[in-house]
Amino acid sequence: MTMKKRTTTNSNVQLAPDRLVPVSLEAEAPLDCPLCPRLVAYREANDVAHPDWFNAPVPSFGDAKARLLIVGLAPGVQGANRTGRPFTGDFAGDLLYGTLLEFGFARGTYQARPDDGLTLTGAMITNAVRCVPPQNKPTPAEAKNCLGFLKARIGALPDLEIILALGRIAHDAVLSARGVKKSAATFAHGAEHDIGSGLRLFDSYHCSRYNTNTRRLTPEMFHSVFAEIRKRIDG
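Thresholds applied
Residues numbered from 1 in each chain as written. Predicted model: local features only at pLDDT ≥ 70, side-chain atom pairs only at ≥ 80, totals over all residues. Heavy atoms only, no water. Disulfide = S-S within 2.5 Å. Buried < 20%, exposed > 50% of the residue type's maximum accessible area, 1.4 Å probe, protein only. pLDDT = per-residue confidence, 0-100. Contact = heavy atoms within 4.5 Å. Salt bridge = Lys/Arg side-chain N within 4 Å of Asp/Glu carboxyl O. Helix = DSSP H or I, 4+ residues; strand = E, 2+ residues; numbered from the N terminus. Pairing = 2+ DSSP bridges. Core = buried A, V, L, I, M, F, W, Y, C linked by side-chain atoms within 4.5 Å. Expected span 1.5 Å × (residues − 1).

A. Looking closely at the state of the cysteines. Scanning all chains against the criterion turns up zero disulfides. Cys33 takes part in no disulfide bond, and the closest cysteine sulfur to it belongs to Cys131, at a distance of 5.9 Å. Cys33 gets classed as buried once you look at its relative accessible area, which sits at 9%. This cysteine, Cys36, is not joined by any disulfide, and Cys146 carries the nearest cysteine sulfur, 6.0 Å off.

B. Broad picture of the confidence of the model for the chain. Averaged over every residue, the pLDDT of the chain is 91; the share at 70 or more is 89%. Note that residues 1-24 has pLDDT below 50 and, in this model, 56 contacts with residues that lie over four places away or in other chains.

C. Representation of the pattern of salt bridges. Under the counting rule described, the total for this entry stands at 13 salt bridges. Note that Glu192 and Arg232 form a salt bridge whose closest N and O atoms lie 2.5 Å from each other. Separated by 40 residues along the polypeptide, Glu192 in strand S9 (residues 192-194) and Arg232 in helix H8 (residues 219-234) bring together distant segments of the chain. Each of the salt bridges in this network shares a partner with another, and the network as a whole consists of Glu192, Asp194, Arg200, Glu228, Lys231 and Arg232.

D. Main features of the sheet that holds strand S10 (residues 200-204). Ordered by their spatial adjacency, six strands build an open sheet running S3-S7-S4-S8-S10-S9, and the pairing between neighbours is mixed. The open sheet has two edge strands with one neighbour each: strand S3 (61-62) and S9. Sheet topology note: the S9/S10 ladder contains three bridges and is antiparallel. The residue bridging Asp194 from the neighbouring strand is Arg200, located in S10.

E. Representation of the nonpolar core within the structure. Among the nonpolar cores identified, the biggest contains 30 residues, and Leu68, Leu100 and Phe226 are the most heavily contacted of them. Apart from the residues lying within four places of it in its own chain, the contact partners of Phe226 are Leu68, Ile70, Leu96, Thr99, Leu100, Phe103, Phe105 and Leu164. By size, the runner-up hydrophobic cluster in this structure holds 21 residues, among which are Ala66, Val71, Met124 and Ile163.

F. Here's a closer look at helix H3 (residues 91-102). When the terminal C-alpha atoms of H3 are compared, their 17 Å separation across twelve residues agrees well with the 16 Å that a helix rising 1.5 Å per residue should span. The set of residues buried in H3 consists of Ala92, Gly93, Leu95, Leu96, Tyr97, Thr99 and Leu100. Once H3 finishes, Gly104 follows within two positions and takes phi at roughly 80°, a positive value.

G. The pairing of strand S8 (residues 162-166), seen in detail. Taking burial as the measure, the five residues of S8 include five buried ones, the bulk of the element. As defined by bridge partners, strand S4 (residues 68-72) adjoins S8 across four bridges and the pair is classed as parallel. Within S8, the residue paired with Leu69 across the bridge is Ile163. Pairing between S8 and S10: five bridges, direction parallel. Among the inter-strand pairings, Ile162 is bridged to a residue of S10, identified as Arg200.

This is the structure in structure tokens:
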């Protein structure tokens, strides 16, 4: 069962789909965000076809005291766009949430739905682009339109130490949000970068079905990145 989009009665606070973490609207796109006409049209078309889906900018999910922020590309049409929780309901979430549980960044059982009771511990998940794009391909202009939300999301986490970018688009978005030149931090799986103010950026190939099916990303490769992050945080 999917969860319908809604806001709290406080106009300055939006309740994330897990119903646990109120987040500032400065760090989260409003549910009727008008910034990207193409994405608005696609969102509205999905709402007509599937009125029981979330069909709105997907809020971040996790711990307000996160030391790790995971940045994905964008919601999947039948994943987060349907369920209202990042990486929930599609193949990528199986690998991501399983890995978070294995490395102590989550508690509970992932059952691919927003009411499964799963919670994140010391981690938060967001997306570089908050609305689902057609063919899962946002345009550069759409990614740029969402930069303000990502910058605010990063700034709203006082204990943040590490950002993990899943894929090049997320990597580039983090650099832009931090004001770091792309030439100063080249994307590569397993790479680590200093992005200022004590923050470290780690890179991984995106945990998509395509990447795992083609073995561009194996579970072992993904786990190795999280093992290094866990060691850094614990150290």
